[in-house]
Protein chains: 2
Amino acid sequence: MKTRIGIMGYGNLGRGVEIAVNAAPDMELAAVFTRRAPETVKILSPDVPVVHADDAANWTDKIDVLILCGGSATDLPTQTPEYAKLFNVIDSFDTHARIPEHFANVDAAAKEAGKIGIISVGWDPGMFSLNRVYANAILPDGNDYTFWGKGISQGHSDAIRRIKGVKNAKQYTIPVESALEAVRAGENPELTTRQKHTRECFVVLEEGADAAWVENEIKTMPNYFADYDTTVHFISEEELLRDHAGMAHGGFVFRSGCTGVNKEHKHVIEYSLKLDSNPEFTTSVLVAYARAAKRLYDEGQRGCKTVLDIAPAYLSDKSGEELRAHLL
Amino acid sequence: MKTRIGIMGYGNLGRGVEIAVNAAPDMELAAVFTRRAPETVKILSPDVPVVHADDAANWTDKIDVLILCGGSATDLPTQTPEYAKLFNVIDSFDTHARIPEHFANVDAAAKEAGKIGIISVGWDPGMFSLNRVYANAILPDGNDYTFWGKGISQGHSDAIRRIKGVKNAKQYTIPVESALEAVRAGENPELTTRQKHTRECFVVLEEGADAAWVENEIKTMPNYFADYDTTVHFISEEELLRDHAGMAHGGFVFRSGCTGVNKEHKHVIEYSLKLDSNPEFTTSVLVAYARAAKRLYDEGQRGCKTVLDIAPAYLSDKSGEELRAHLL
């Protein structure tokens, strides 16, 4: 029997989940839920119903795992605990500082309802997190380095768009190649914010806006840009839409540590991602953990989990025997 | 209360475990077991007893986890099931083809005794395996690539030493840089054995041996060298001991796959290790999994496990709260 998946919210993430579920031989898409008028939402799967979010409670016996595809700022903090009362749920909540609070809320709701919830699934938090945990456990005497990019940062792009005179903007976060090389070589460098990443901005101005003033506003913006070497390019909206609509992203997690009686042996662990589509990779991770959620639930596990609490074998559609024979 | 570790066998691995356990704040070394005369074995830890392996059964109530530090060819196939009758055990069994059989033996012994056993812990099998499983689950439509090196292959060095006229030898396995680059660029190349690795041999001849004949014997040896581009250097024993005594190693695991309605988005996941000391890194992994073994046992888990069956959080000495707040 296939694992029946529901999707809550049909944007880039919802669509990515749909594609990944349809590609998985052991899963089937049961329904897509939306807060829009269902008849206005066109999905890729011809035979799957689009249902209003208000009717989700009628689907509890037709869905094994509901994947929440909303945003971390306003949707997930309320949605995940709410739907954990009805379904096993998974989300990609990525506001690192608020994870402990979100975990507590989802844990309480899921335990009371006898469901399982897996939060903060994706690549960071997600695959990067578990690489940090594995590497820290193996090399306790060492340093962590996480680099992001090259890829568009939504938060930084939004910050530029809020400046007066800016019509549209995209901001790329770019790791500094010399910093990557120093870490990779085991030099254990102490890196300032400026030494780790640069920021490159593509900005469309409103008619009559003062380019020099906007550039200065960007480059001196505290937290977002002041501590970085920032480049600003002014381009037309046509160029922005044509050349900067991609959703590529990626990054690097390093642990550099030492062992030996006199700490004489250095070791470098590196994990990296190069992604053509940030949302589709994220949803591929979500769908693998949906498989795990169903299995853990069937084993009697309840409450909130993260990727750190789930053994790798639960993500695979292969049996333990197959994994040991072919991938171990 | 600290996790009490026993070490069975005191070579490079046993010594590496000793160093890693002494560096772990939540562990203590209870005893080192040896098949040699105990008084002839000098260990690093002044207050830890060295005990004959025959007396291990007297230590069952003083040891939480016994780490088996023997070899995969002859020691571990019998030792791990044998000691799983007395202790929770961990080993680094690395004969990939025999893992299913070894798993079954350890599982039967551990279940009968009410113990836990974790086998094939290290980096390959081990960290490389779990990276293969994670990446396969996330990108089901893709290709796996594993490269090893640069590092000494014990098996290939031994094969050279068996040739008539060879006094001593070391063989390095080296990944082909252009192959790494093609995989990293998402080109999904089909690579022959020759295109993935080269082999470099440093050979000390017996007096009067025929260098040209030995070189040909090496380069045409089936399975070991015939399918590779192999370089042979003849050097003095002094040079071999001085320049090729290191135990550096490493390697790369890639998963290159695609997502999207028309498979239009490529993704590359890369995991790599650069290790100054192969045995010390292996033992660092063993010790992290010893921590997991104790916890799983305390939770009531029994039988044989591999790294694929164990959630990342079990390896860490930090609590779930700490991990979620700082590493997730």
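All values derive from a computational prediction rather than experimental measurement.

(A) Focus on the packing of aromatic side chains. All names here are of chain A. As enumerated under the stated definition, the model contains 13 aromatic pairs over all chains in all. For the pair F33 and W59, a centre-to-centre distance of 6.0 Å together with 85° between the ring planes defines the contact as edge-to-face. One end of the pair, F33, is in strand β2 (residues 27–34); the other, W59, is in the loop between β3 (50–52) and β4 (65–68), with 26 residues separating them in the sequence. For W59, a relative accessible area of 17% corresponds to the buried category. Their ring planes at 90° and their centres at 5.7 Å tell us that Y172 and F202 sit as a pair that is edge-to-face. Of this pair, Y172 sits in strand β9 (residues 166–175) while F202 sits in strand β10 (residues 197–205), and the two are 30 residues apart along the sequence. Relative accessible area serves as the criterion here: at 12%, F202 is assigned to the buried category. Members of the aromatic cluster, each reached through a chain of ring pairs, are W123, F128 and Y271.

(B) Quick look at the sheet that holds β3(A). All names here are of chain A. Here we have seven strands laid out as an open sheet, ordered β3-β2-β1-β4-β5-β6-β14, and parallel in their pairing. Among the strands making up the open sheet, the edge pair consists of β3 and β14 (303–305). If you compare each strand with its neighbour and ignore which way they point, the axes differ by 25° on average. Sheet topology note: the strand β6 (residues 116–118)/β14 ladder contains three bridges and is parallel.

(C) Fine view of the relation of the copies chain B and chain A. Superposition record for chain B on chain A: RMSD 0.0 Å, screw rotation 180°, translation along axis 0.0 Å. What we have between these two chains is a two-fold relation. The rotation axis passes nearest to the C-alpha of A311(B) in chain B, at a distance of 1.9 Å.

(D) Here's a closer look at the interface of chain B and chain A. Contact residues are listed per partner, giving 61 residues for chain B and 62 residues for chain A. Here chain B packs against chain A, burying approximately 5,300 Å² in sum over the two surfaces, 66% of which is carbon and sulfur. Ranking the residues of chain B by area buried against chain A places Y134(B), R324(B) and L328(B) at the top, with a combined share of 15%. Taken together, chain B and chain A are joined by zero salt bridges. Here chain B and chain A share 21 residue pairs in polar contact (both at pLDDT 80 or more) between them. Ranked by the residues each element gives to the side of chain B that touches chain A, the list is headed by strand β13 (residues 265–275) of chain B, at 11 residues. When the residues that make up the side of chain B that touches chain A are grouped by side-chain class, the tally is 34 nonpolar, 14 polar and 13 charged. As judged from the nine bridges shared by strand β13 (residues 265–275) of chain A and β13(B), these two strands associate in the antiparallel manner. In the sheet register, V268(A) faces β13(B), and the bridge partner there is K274(B).

(E) Structural context of the sheet that holds strand β12 (residues 249–259) of chain B. The strand order across the open sheet formed by six strands is β7(A)-β12(A)-β13(A)-β13(B)-β12(B)-β7(B), and the pairing between neighbours is antiparallel. One side of each edge strand has no neighbouring strand; the edge strands of this open sheet are β7 (142–148) of chain A together with β7 (142–148) of chain B. Averaged over all adjacent pairs, the angle separating strand axes in this sheet is 5°, with direction ignored. As paired elements, strand β12 (residues 249–259) of chain A and β13(A) share 11 bridges and run antiparallel to each other. Counted as the bridge partner of G250(A) is K274(A) from β13(A).

Cut-offs and rules
- Residues numbered from 1 in each chain as written.
- Chains lettered and ligands numbered in written order.
- Predicted model: local features only at pLDDT ≥ 70, side-chain atom pairs only at ≥ 80, totals over all residues.
- Heavy atoms only, no water.
- Phe/Tyr/Trp six-rings, centres within 6.5 Å; stacked < 30°, edge-to-face > 60°.
- Helix = DSSP H or I, 4+ residues; strand = E, 2+ residues; numbered from the N terminus.
- Buried < 20%, exposed > 50% of the residue type's maximum accessible area, 1.4 Å probe, protein only.
- Pairing = 2+ DSSP bridges.
- Axes fitted to C-alpha atoms, helices over the stretch in contact; angles between N-to-C directions.
- Least-squares fit on C-alpha atoms with pLDDT ≥ 70 in both.
- Contact = heavy atoms within 4.5 Å.
- Buried area = accessible area lost by both parts, 1.4 Å probe.
- Salt bridge = Lys/Arg side-chain N within 4 Å of Asp/Glu carboxyl O.
- Polar contact = N/O pair within 3.5 Å; in protein donor to acceptor, adjacent residues only side chain to side chain.
- Nonpolar A, V, L, I, M, F, W, Y, C, P; charged D, E, K, R; others polar.

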